Amino acid sequence: GIDMFDSQMKSLIDFIPLLLPVLIGYALVSKVTRKAFGPFTKGHFLVTLSMNAAFLAYVFRGGAVITVLLVLGNYFLVARASNFLSFRMFMIVNWGAHLSVLFLNDKYRNHMSVGKISGGVLGFMDESPPLLRWFILFNMSTLRMISYNYDRWEALQPTADRRRADVDAKHE
């Protein structure tokens, strides 16, 4: 069974009735836009990006939107750094960037305001709490992203077996 005294699990289960219709709607709109624009086109990408941004803004609201954008930017920048950094430097940047976002999120969780940043235009987003307590899942996913970035870096590095296979293929 499910432990309904666990507030994290309860908030996720309470969120499912909202999430299910959104997922079905997303799948339908995605299918229509793929037929209209074709898969992997700019039009399909823009529609998908707009739907994702609207959903995240609605679910997370307020300062959480700022943190989510910060986290996404962090993931993309750290993943790009794996292309040109040494292993030691990459691991320092990887751990440093992700852990700094973890600690900044924890310290400033209640102080980031979309309303203040937007000059009051988006102040309505700060008036109600997020629908989903996302920061616990965020902490877990950040640790997974550290692992993913390490695996990505490792996959880009030539291994002894790969180098040997390249040499053998070159000399056959």
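No experiment lies behind these values; they were computed from the predicted model shown. (Residues numbered from 1 in each chain as written. Predicted model: local features only at pLDDT ≥ 70, side-chain atom pairs only at ≥ 80, totals over all residues. Heavy atoms only, no water.)

Brief notes about the overall build of the protein
Here comes step 1: Each helix and strand counted, the protein has 7 helices and 0 strands in total.
Here comes step 2: Mapped from its N terminus to its C terminus, the protein presents α and β elements in the order α-α-α-α-α-α-α.
Here comes step 3: For the protein, with 172 residues in total, the buried portion stands at 26%.
Here comes step 4: For the protein, restricting intrachain contacts to residue pairs at least 6 apart in sequence, the fraction spanning at least 24 positions comes to 69%.
Here comes step 5: Carbon and sulfur atoms make up 68% of the accessible area of the protein, which amounts to about 12100 Å² in all. (Helix = DSSP H or I, 4+ residues; strand = E, 2+ residues; numbered from the N terminus. Buried < 20%, exposed > 50% of the residue type's maximum accessible area, 1.4 Å probe, protein only. Contact = heavy atoms within 4.5 Å. Areas by Shrake-Rupley, 256 points an atom, 1.4 Å probe, with all protein chains shown as cover.)

Digging into helix α2 (residues 42-60)
Here comes step 1: A rise of 1.5 Å per residue sets the reference length of α2, with its 19 residues, at 27 Å; its end C-alpha atoms lie 26 Å apart and thus fit the reference within 8%.
Here comes step 2: Looking at α2, one finds that the buried residues are His44, Thr48, Met51, Val59 and Phe60. Relative to the axis of α2, the buried residues are bounded by an arc of 135° and lie together on one face.
Here comes step 3: One or two positions beyond α2, positive phi appears at arginine 61, with a value near 55°. (Expected span 1.5 Å × (residues − 1). Arc of directions from axis to C-beta.)

Regarding the environment of alanine 53
Here comes step 1: With respect to the helices, strands and loops of the structure, alanine 53 is situated in helix α2.
Here comes step 2: Residues alanine 53 and leucine 69 lie 16 residues apart in sequence; the distance between their C-alpha atoms is 9.8 Å.

Some details on the side chain of threonine 48
Here comes step 1: Positionally, threonine 48 belongs in helix α2.
Here comes step 2: Given a relative accessible area of 14%, threonine 48 falls into the buried group.
Here comes step 3: A polar contact is formed between the side chain of threonine 48 and the backbone oxygen of histidine 44, at a distance of 2.8 Å. (Polar contact = N/O pair within 3.5 Å; in protein donor to acceptor, adjacent residues only side chain to side chain.)

Notes on the side chain of serine 30
Here comes step 1: Looking at the secondary structure, you find serine 30 in helix α1 (residues 7-37).
Here comes step 2: For serine 30, a relative accessible area of 10% corresponds to the buried category.
Here comes step 3: Excluding residues within four positions of it along the chain, serine 30 makes contact with His44 and Met51.

A short note on the confidence of the model for the protein
Predicted coordinates in regions of low pLDDT should not be interpreted in detail.
Here comes step 1: For the protein, per-residue confidence averages 76 on the pLDDT scale, and residues scoring 70 or more make up 83% of the total.
Here comes step 2: When the elements of the protein are averaged for pLDDT, helix α5 (residues 114-117) gives the smallest value, 69, and α1 the largest, 85. (pLDDT = per-residue confidence, 0-100.)

Remarks on unusual backbone geometry
Here comes step 1: Phi at phenylalanine 40 is positive, roughly 60°, even though this residue is not glycine.
Here comes step 2: Tracing the sequence through the fold places phenylalanine 40 in the loop between α1 and α2.

Quick notes on the environment of threonine 142
Here comes step 1: Secondary-structure assignment places threonine 142 in helix α6 (residues 135-156).
Here comes step 2: Between the C-alpha atom of threonine 142 and that of histidine 98, which follows or precedes it by 44 residues, the distance is 6.6 Å.
Here comes step 3: Threonine 142 has contacts with Tyr75, His98 and Leu102, leaving out every residue within four places of it along the chain.

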